[in-house]
Every structure is written in C-alpha cells, then in structure tokens.
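# Coordinates in review
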There are 2 protein chains.
Amino acid sequence: MRTNIVTGGAGFIGSHLCESLLARGERVICVDSLLTGSEAHVRALRAHAGFSFMRQDIAEPLRIEGPVERIYNLACPASPPRYQADPFHTVRTNTVGVIALLELARAHRARLLQASTSEVYGDPLEHPQRETYRGNVNPIGPRACYDEGKRVAETLCFDGLRAHGTQVRVARIFNTYGPQMAPDDGRVVSNFIVQALAGEDLTVYGDGSQTRSFCYVSDMVRGLIALMESDATGPMNLGNPDERTVLEIAQRVLALTGSRSRIVHVALPQDDPVRRKPDIALAKATLGWEPQVTLEEGLKETVAYFRKEIGK
Amino acid sequence: MRTNIVTGGAGFIGSHLCESLLARGERVICVDSLLTGSEAHVRALRAHAGFSFMRQDIAEPLRIEGPVERIYNLACPASPPRYQADPFHTVRTNTVGVIALLELARAHRARLLQASTSEVYGDPLEHPQRETYRGNVNPIGPRACYDEGKRVAETLCFDGLRAHGTQVRVARIFNTYGPQMAPDDGRVVSNFIVQALAGEDLTVYGDGSQTRSFCYVSDMVRGLIALMESDATGPMNLGNPDERTVLEIAQRVLALTGSRSRIVHVALPQDDPVRRKPDIALAKATLGWEPQVTLEEGLKETVAYFRKEIGK
C-alpha cells in the first residue's frame, strides 16, 4: 500500500487527485496551507482510513515520518488574483517550497511530480505549444511571479535530478476545469457558470476571440498519475487540445444553464495570453494518454456542481 | 555623505563599484559571503574611513543599523562552474536574497539596484537584444538556475515596486571584463589571458565563430551608478555593443601577450549562446551613457593585471 504526499491536496485538482489515489487503494497524506485550498474539498476524504491531512505551507519546514513513495506537488495559488495577492509568497512557494520537497523526496527516495503549467510558455508565439518551446514570458509583468516562479520550479527539479539523481516528473498542466473549482478565483469556466446561474452578465475579456483549451479534471488526474508511474521525466504537456474561443465557451454555458444573462465585453488584462493549445503528442506516445471527456460533457458536470453549491 | 550597501562587493564588478563610490566621497558597506568574492579585492579599500565589510550571505537574515540610501545587489556567483556548483543556492540567492534586500530597501526607504544579466535572454533569437525581448531560455538546462533565477529576481523587483512602491533599478549586465576577474572561473577573456601567459593552449569552444560583446569594467560601473541615480527603473541593458568573435578575441590576446600558445577547439557546452550583443539605445537616451574604453585598451589593462597577479 503506497504512500503519496499530495501538496495542495485541498485545492481544485489536488482534491480530485487525492480521491483517485485513495480509490486505487493507496495512502494519501494531504498537505495544504488552506491559503487557497478548501477544507470542504477534503472533508469527505477524511472518512478514508488511508487519508490524513496536515495544514502546512510547503515553504515552512516539513516533517513527515514513515515511508513515502510519491510526492505530488500541486501547492501554489493558481489563479491570477490569488497568486498576485502576495507575489513574494508565490515565488517562495515555487523555490523554497520546491527545494524542501526535493529534499524530502531525496530523504525518502520518493518520486516527486511537479505540477508545472502552460503559463511557462507565457503568451506563446508558437501554436500548438510543444515541450521544446521556450516560451514568451514577460519577466516583469504582473503574472510573472507565477510564470517565472513555475519556470524556476522546473529548473530546480532538473537540478535535483542532475545533482542527486532525485526521481522527478514535470507535468505542464494546461487549463483544467470541473467540480470543486473555486467559484471566485476569476477563471473563465467558473466565472461564466457562476455568472450565468446568478443571472448576471457574462464578462468576456476583449472580443472573446482569444482561445483556450479546457481539460476536464478527471482526464487531468489520470494523466498526472500516468506520468508519475512512467519512466519519463517530462516536462510533459497535459491538457486537452480541443481549442475553443472564449466567446464560444460563454455561449455554451448560456445554452447549458438556460440562463438569460447577456455577454458583455471588458478590457483585456495585461499579458493575457491570446492563444493557448497544448501539443500532447509526447503524452500520447509515452503514456498512451489523451483526454476522453468532451467539453460538452464536462461543462454539464461542472454546471451541475455549481448549481448544487450555489443552492447550498 | 550617502551610504551605499554593495552586496557581492568583494566580487569582480562589485569591488570596482565599491572603489568608485568611495572615490565619489560616499560611504560603502560591502556585504559578501566570500563564496566567490575575494577578500583580496577589498583589502585596499579597508583603508578608507567610509568603508566597512560584512561577511554575510544575502539569503540569511541581514541587519543593517543606521541610514542607507542605496543598495546595489551584485550578490550571486556569475560564472557557469560557480553557479552550477550549488544550483539550489543560486536560486535561493536570487529569490530569498532579493526578497530580503527588497525588505531592507523598504525599511530604509532606500533605492535597490538589481544586477540582472544578459543571460535573461538565454540563447537569443533576436539581435541585438532590446529590453523588450522576452528571451529564449531553456528552463531545464544546466544554466537555468542562473538564467531563470535572474529572471525571477527581476520579477520580484517589479513586484516590490508594484506592491510597496520600492524604488528599484534593474540593470541587465552584458559580458564585462577587466582587472580583478577571477582567473579560474571559466570566462572567455580571463581564460585566454591566463592560458596565454602560462604558455598553454587557448581553448576555444566550438569553431569560435560565436560572438561576444565585452564591456570594460570601468564603463560598466559608470553605467550602474548612472542608472541608480536616474529616474528610470529599467530593465536597462548595460554593455558594449562592439561585437567580436571568440576566435578574434583569442587572437588579440595572443598578439597582446606575445604568447606562442596555440588555439585549440573543444566541444561547445550545452546552451552556450551563439550570439550576444546589447542594444544600448535605452541607456544612451536615458542616461547619456555609452562605453568609452575600446577592447584593445581594455585588454591591455587586463593583461597587465594578470601578468602582475600571476607573477605574485
């Protein structure tokens, strides 16, 4: 019975990952500062004998007793308003925190999967993005604490591999959506659904012609576990290459919710990427992984979740 | 009488900067871990009443009493063998260290000049590099701890400006040479001179057609002070746009030293930039600054320094 540490395990993707690992019969130590994660996400998991929870910031000294085989590092605020609230903490999480987890992995001879992000590509000039693309990040912009922080987190992982032979896996996670997204963290899908259900205007940044590719969370979690259990180090893109305009997503949400909200356009924020689409050829070839849930199915599940949450 | 902190003040550029500030009649607190800096560089400065030295790593808590008006952050190993020796420390210097100096600047209402680097451009695809170019850095390569570290250090400075109004200045320093370079840190100019004076083969990486633009250290120090005292935040390129092939530099060193060493070619290291040349239009327009020392004059001074050092 394998023991996994999932940092950021009370977050959106993290909580689904904890659930999947428990369902596989594995033990999970969920580590979360609850800065952006939510206790509600892991409440149901506490019933599992294999589950334990530690409230802990990964940038603070972490002590774990007993064997650990796998460490999934999903600890970091991931939406712009959250990671910009304390940019210094965001950078510390991705440097001091990652160094601490590399040391933990080394001490336990565990494998560390680092949740990197499509944001390492910045506002990409190549489409779709392959893993070899070096990105187009503005180092001094308001998104840089996250983008550059995640880049240097990748650096540290590969230095851990080079210096100590630490088994690292780096996943570049593209936009993901599904139940348990925070309703208020400013992401496209949750924004639209929450606005539609409340009968408020759907705010589209710019003309809405910018594209996004959204991966349903169950597909993402399956990809993360597959990468962890593979022999590949990555970096490996995980995401859904099904590209849609932001405007189309707004329209689909309106149709699915039956909302009579209007779509309104507001100014594009600085450094907002114009287009983002993963090339997942590497994940397909290496892991035999690709997304299975269509946007229509996934949105339906997500709308159902928010309907229930908002009704609470 | 203004007080300056110069971190990395016992390093190559740092020691020249300390000397210049003292010559302007200012006070200097030199802070250096002596990890790569050298006590010998600041020995002569200790005679100045306005000079004091603290042996201190900037990533460790730093206490400075009394007023401070200017902080120049030049603390970081800067040559590949040195910054790769402990990549985790390199990243900590550029994150934990920079955060600490931003806090110090904020507490003292001081200005902070961050020594950034042309390495933020990685192996550039644009020539010459302007400050708006977002670079081409390999985030997982062996040079990344420095390149990505320096990028995120810039990020932190601009977050300091955005979050707290901290007065920051970011200089992107291109290749610099001159007396007090470490003889053994693997830089092109010092390597060639040391090899030529010792009668050893001059090792040129690849065919030597890759170009570098070398700025003499007195020009660089003048630029750093001018940027600090200006109203511009940067990032601002400081360097000499006089581009030469590595092979030409080797030949010039042979001619200047009268050495009978041969030139030999060895394999290019990973991620070695093919070409690097600053666009200094911004520094010219903003600071009225441009280099004045020719490569021939600068090499002569540098050869004279190494001749004396090696003769010791």
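Conventions and cut-offs
- Residues numbered from 1 in each chain as written.
- Chains lettered and ligands numbered in written order.
- Predicted model: local features only at pLDDT ≥ 70, side-chain atom pairs only at ≥ 80, totals over all residues.
- Helix = DSSP H or I, 4+ residues; strand = E, 2+ residues; numbered from the N terminus.
- Rg over C-alpha atoms; globule rule 2.2 N^0.38 Å.
- Buried ≥ 20, exposed ≤ 12 C-beta atoms within 10 Å, placed from the backbone.
- Contact = placed C-beta atoms within 7 Å.
- Expected span 1.5 Å × (residues − 1).
- Arc of directions from axis to C-beta.
- Least-squares fit on C-alpha atoms with pLDDT ≥ 70 in both.
- Core = buried A, V, L, I, M, F, W, Y, C linked by C-beta atoms within 7 Å.
- Pairing = 2+ DSSP bridges.
- Axes fitted to C-alpha atoms, helices over the stretch in contact; angles between N-to-C directions.
- Nonpolar A, V, L, I, M, F, W, Y, C, P; charged D, E, K, R; others polar.
- Right-handed = clockwise from strand over helix to strand, strands pointing away.
- Domains from an automatic or database assignment.

### Some words on the overall build of chain A
A count of helices and strands for chain A gives ten helices and 13 strands. A compact globule built from 312 residues would reach a C-alpha radius of gyration of about 20 Å, and chain A, at 19 Å, matches this within 12%. Its C-alpha atoms put chain A at 55 × 45 × 40 Å along the principal axes. Scored against the burial criterion, the 312 residues of chain A give a buried share of 53%. Partitioning the contacts of chain A with sequence separation of at least 6, the portion at a separation of at least 24 is 79%.

### A look at helix α10 (residues 295–311) of chain A
Residues and elements named next belong to chain A. Counted at 1.5 Å a residue, the expected span for α10 with its 17 residues is 24 Å, and the 24 Å between its end C-alpha atoms agrees. All of the buried residues along α10 are Leu295, Gly298, Leu299, Thr302, Val303 and Phe306. Buried positions in α10, seen along its axis, are confined to an arc of 135 degrees and lie on one side of it. Facing away from the buried surface of α10 by more than 90 degrees, the exposed residues are Glu297, Ala304, Arg307, Lys308 and Gly311. In this fold, the buried residues of α10 make contact with β7 (176–177), α6 (188–198), β10 (215–216), β12 (243–245) and α8 (246–257).

### What about the relation of the copies chain B and chain A?
For the pair chain B and chain A, the superposition axis carries a translation of 0.0 Å, the fit reaches an RMSD of 0.0 Å, and the rotation angle comes to 180 degrees. In symmetry terms, the pair is related by a two-fold rotation axis. A symmetric contact is evident, with 100% of the interface residues of chain B recurring at the interface of chain A.

### Here we look at the nonpolar core
Core analysis: the largest hydrophobic core is formed by 175 residues, its most contacted members being Leu224(A) and Leu224(B). Excluding residues within four positions of it along the chain, Leu224(B) makes contact with Leu17(B), Tyr72(B), Leu113(B), Ala171(B) and Leu238(B).

### Some thoughts on the sheet that holds strand β11 (residues 236–238) of chain A
As a general point, the strands of a sheet are linked pairwise by backbone hydrogen bonds and lie either parallel or antiparallel. All names here are of chain A. Strand order across the open sheet formed by seven strands is β3-β2-β1-β4-β5-β6-β11, with parallel pairing between neighbours. Each edge of the sheet is formed by a strand with only one pairing partner; in this case those strands are β3 (51–55) and β11. Along the sheet, successive strands turn relative to each other by an average axial angle of 20 degrees, direction set aside.

### Some thoughts on the environment of His89(B)
Residue and element names in this part refer to chain B. Mapped onto the secondary structure, histidine 89 falls in helix α4 (residues 87–108). Given 21 C-beta atoms within a 10 Å radius, histidine 89 is considered buried. Placed twelve residues apart in sequence, histidine 89 and proline 77 show a C-alpha to C-alpha distance of 9.5 Å.

### Overview of the interface of chain B and chain A
Opposite the 30 residues of chain B that make contact, chain A presents 30 residues. Going through the elements one at a time, α4 and α5 (144–164) of chain B are the ones with two or more residues in the side of chain B that touches chain A. When residues of the side of chain B that touches chain A are assigned to their parent elements, the largest contribution, 13 residues, is made by α5(B). Residue classes in the side of chain B that touches chain A are distributed as 17 nonpolar, six polar and seven charged.

### Considering the pairing of strand β5 (residues 111–117) of chain B
Residue and element names in this part refer to chain B. Taken across its seven residues, β5 has six buried, putting it largely inside the fold. Pairing analysis gives four bridges linking strand β4 (residues 70–73) to β5, with the strands arranged parallel. Across the sheet, the residue bridging to tyrosine 72 is leucine 113, located in β5. Two strands pair when backbone bridges link them, and β5 and strand β6 (residues 168–173) are joined in this way by six bridges, in the parallel orientation. Opposite serine 116, over in β6, you have arginine 172 as the bridge partner. This β-α-β element, β5 to α5 to β6, shows right-handed connectivity.

### Topic: the domain arrangement of chain A
Residue and element names in this part refer to chain A. Segmentation of chain A into domains returns domain 1 (3–176 + 216–238) and domain 2 (178–212 + 242–277 + 292–311). One C-alpha centre belongs to domain 1, the other to domain 2, and the line joining them spans 25 Å. Across the contact, 25 residues belong to domain 1 and 18 residues belong to domain 2. Here the residues of the side of domain 1 that touches domain 2 sort into nine nonpolar, twelve polar and four charged.

### With respect to the pairing of β6(B)
Residues and elements named next belong to chain B. For β6, a buried count of six out of six residues is recorded, marking the element as mostly surrounded by other parts of the structure. The alternating pattern of β6 places Val168, Val170 and Arg172 and Arg169, Ala171 and Ile173 on opposite faces, both of which are buried. Here β6 pairs with strand β11 (residues 236–238) via three bridges, running parallel. Across the sheet, the residue bridging to alanine 171 is methionine 236, located in β11.

### Focus on α8(A)
Residues and elements named next belong to chain A. An ideal rise of 1.5 Å per residue puts 16 Å on twelve residues; α8 measures up with 17 Å between its terminal C-alpha atoms. Within α8 the residues assigned to the buried category are Val246, Ile249, Ala250 and Val253. The arc that holds every buried residue of α8, seen down its axis, measures 100 degrees, which confines them to one face. Taken together, the buried residues of α8 touch α6, β8 (202–205), β9 (211–213), β12, β13 (263–266) and α10.

### A look at the sheet that holds β5(B)
Residue and element names in this part refer to chain B. Strands sit in the order β3-β2-β1-β4-β5-β6-β11 across an open sheet of seven strands; the sheet is parallel. The outermost strands of the open sheet, each flanked by one partner alone, are β3 (51–55) and β11. Neighbour to neighbour, the strand axes of the sheet diverge by 20 degrees on average, direction disregarded. For strand β2 (residues 27–32) and β3, the ladder comprises five bridges, and the chain directions are parallel. Bridge pairing in β3 links cysteine 30 to phenylalanine 53. Packed onto the sheet, helix α7 (residues 217–228) meets β4, β5, β6 and β11 and runs at close to 155 degrees relative to β6.

### Describing the environment of Ala144(A)
With respect to the helices and strands, Ala144(A) occurs in helix α5 (residues 144–164). Ala144(A) gets classed as buried once you count the C-beta atoms within 10 Å, which come to 27. Linking Ala144(A) and Ser218(A), residues 74 residues apart in sequence, is a C-alpha distance of 28 Å. Residues within four places of Ala144(A) in sequence aside, it is in contact with Val137(A), Asn138(A), Pro139(A) and Thr155(B).

### Here we look at unusual backbone geometry
Here the bond from His127(A) into Pro128(A) is cis, since omega is -20 degrees, no more than 30 degrees from zero. Positionally, Pro128(A) belongs in the loop between β5 (111–117) and α5. Note the cis peptide between Gly234(B) and Pro235(B), where omega equals 5 degrees. Looking at the element boundaries, Pro235(B) is found in the loop between α7 and β11. One non-glycine residue, Arg109(A), adopts positive backbone phi at about 50 degrees. With respect to the helices and strands, the residue Arg109(A) is situated in the loop between α4 (87–108) and β5.

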